[in-house]
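# Close look at the chain arrangement
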Amino acid sequence: MSVTLNELRGMLKINKHCLDDELEVQAHVQFEISEAVAITNMEQTEAKNYLEKYDAELLLDIRKENSKRTAAEVQAEIDTDGEHLKFLRTYNQSHHEYELWFGMHEAWKQRGFALKSLADLSMSNYFAVDTAYEKNRGRVAESRQPRSTINRHRRT
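Residues numbered from 1 in each chain as written. Predicted model: local features only at pLDDT ≥ 70, side-chain atom pairs only at ≥ 80, totals over all residues. Heavy atoms only, no water.

### Regarding the overall build of the protein chain
Keep this limit in mind: Helical segments are the DSSP runs of H or I of at least four residues, strand segments are the runs of E of at least two, and each set is numbered from the N terminus. With a 1.4 Å probe rolled over the protein chains alone, any residue whose accessible area is under 20% of its type maximum counts as buried; one over 50% counts as exposed, and the rest are partly exposed. Contact between two residues is taken to exist if any of their heavy atoms lie within 4.5 Å; hydrogens are not considered.
For the protein chain, the count of helices and strands is five helices and zero strands. When the elements of the protein chain are put in sequence order from the N terminus, they spell out α-α-α-α-α. Every one of the 156 residues in the protein chain was classed for burial, and the buried ones make up 21%. Excluding contacts between residues fewer than 6 apart, the proportion of contacts in the protein chain whose partners are at least 24 apart in sequence is 78%.

### A closer look at the packing of aromatic side chains
Ring pairs (aromatic) are described by centroid distance and by the angle formed between their planes. Definition in use: Within 6.5 Å between ring centres, the rings of Phe, Tyr and Trp (the latter by its six-membered ring) count as paired, and their orientation is classed by plane angle as stacked under 30 degrees, edge-to-face over 60, tilted in between. Whether a charge sits over a ring comes down to the Lys NZ or Arg CZ being within 6 Å of the ring centre and within 35 degrees of the ring normal.
Per the stated rule, a full pass over the model turns up two aromatic pairs. The interplanar angle of 45° and the centroid separation of 5.4 Å between the aromatic rings of Tyr 54 and Phe 87 together place this pair among those described as tilted. A residue pair is termed long-range when its members are at least 10 positions apart, and Tyr 54 in helix H2 (residues 19-65) and Phe 87 in helix H4 (residues 82-123) qualify at 33 residues. Assessed through its relative accessible area of 19%, Tyr 54 is described here as buried. Accessibility expressed as a relative area gives 21% for Phe 87, which makes it partly exposed. Seen from the ring of Phe 87, Lys 86 lies directly overhead, with NZ or CZ sitting 5.8 Å from the centre. Over the ring of Trp 108 we find Arg 111; its NZ or CZ atom is 4.5 Å from the centre of that ring.

### Side note on H4
The line we're drawing: Given the number of residues in a helix, its expected span is that number minus one, multiplied by 1.5 Å. For the purposes of these results, a polar contact is taken to be a pair of N or O atoms within 3.5 Å, where, inside protein, one atom must be able to donate a hydrogen and its partner to accept one; residues adjacent in sequence count only when each atom of the pair is a side-chain atom.
The terminal C-alpha atoms of H4 lie 61 Å apart, and with 42 residues this matches the ideal 62 Å at 1.5 Å per residue to within 8%. Of all the residues in H4, the buried ones are His 84, Tyr 91, Ser 94, Tyr 98, Trp 101, Met 104, His 105, Trp 108, Arg 111, Leu 115, Leu 118 and Ala 119. Each element contacted by the buried residues of H4 is listed here: helix H1 (5-11), H2 and helix H3 (71-80). Two or three places before Glu 83, at the opening of H4, Asp 81 has a side-chain oxygen 3.2 Å from that residue's backbone nitrogen. At the exit of H4 stands Asn 125, carrying a positive phi of roughly 60°.

### Focus: the pattern of salt bridges
What counts here: Every case where a carboxyl oxygen of Asp or Glu lies within 4 Å of a side-chain nitrogen of Lys or Arg is listed as a salt bridge.
Going through the model one piece at a time under the given rule, you end up with six salt bridges. Linking Arg 111 and Glu 22 is a salt bridge whose minimum nitrogen-to-oxygen distance equals 2.1 Å. In this pair, Arg 111 sits in helix H4 while Glu 22 sits in helix H2, placing the two residues 89 residues apart along the sequence. One exposure class covers both Arg 111 and Glu 22, and it is buried. A salt bridge links Glu 106 to Lys 109; its shortest N-O distance comes to 3.2 Å.

### So, the environment of Lys 86
Locating Lys 86 in the fold gives a position in helix H4. Note on Lys 86: relative accessible area 42%, which makes it partly exposed. Spatially, the C-alpha atom of Lys 86 lies 8.9 Å from that of Leu 51, the residues being 35 residues apart in sequence.

### What to know about the environment of Ala 56
Here Ala 56 is to be found in helix H2. On the basis of relative accessibility, which here comes to 41%, the residue Ala 56 falls in the partly exposed class. Along the chain, Ala 56 and Ile 78 lie 22 residues apart, while their C-alpha atoms are 9.4 Å from each other.

This is the structure:
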């Protein structure tokens with residue numbers, strides 16, 4: 001992961017005047033985001049597996065000590081165990097990180113759709129600076145100005 005979430009947040013906004021640059025980086029950045037999603041998903045899964053393994057070992061140890069406990073008592077002891085809480089915190093952090101990257105992946109895909117729409121608009125000269133209106137706007141404004149003298153053509 002060479003790009004951070006904060007850098008990507010800043011890159012989400014599209015500059016319509018630099019569509020060629022925006023289109024150039026779209027696929028590359030989306031691939032980097034996909035890599036980050038895969039890595040954080042793997043970390044989340046590993047953290048969950050460690051948590052479940054620890055809980056299973058702790059359950060076996062508790063059952064060996066005293067087999068006459070209720071399931072609720074055993075679960076309460078597992079839930080309050082210090083190591084369990086540490087593994088749970090690690091899992092929650094990795095899950096949060098995964099969710100952030102997954103959200104960025106979805107946002108970046110939406111950015112791709114927006115880029116396509118903007119490129120289509122650009123191809124139809126929607127963003128053209130020299131429109132007929134712009135060219136004639138000065139003449140239209142001038143014609144609306146009140147005139148102090150009226151030049152009329154007279155027949156002679």
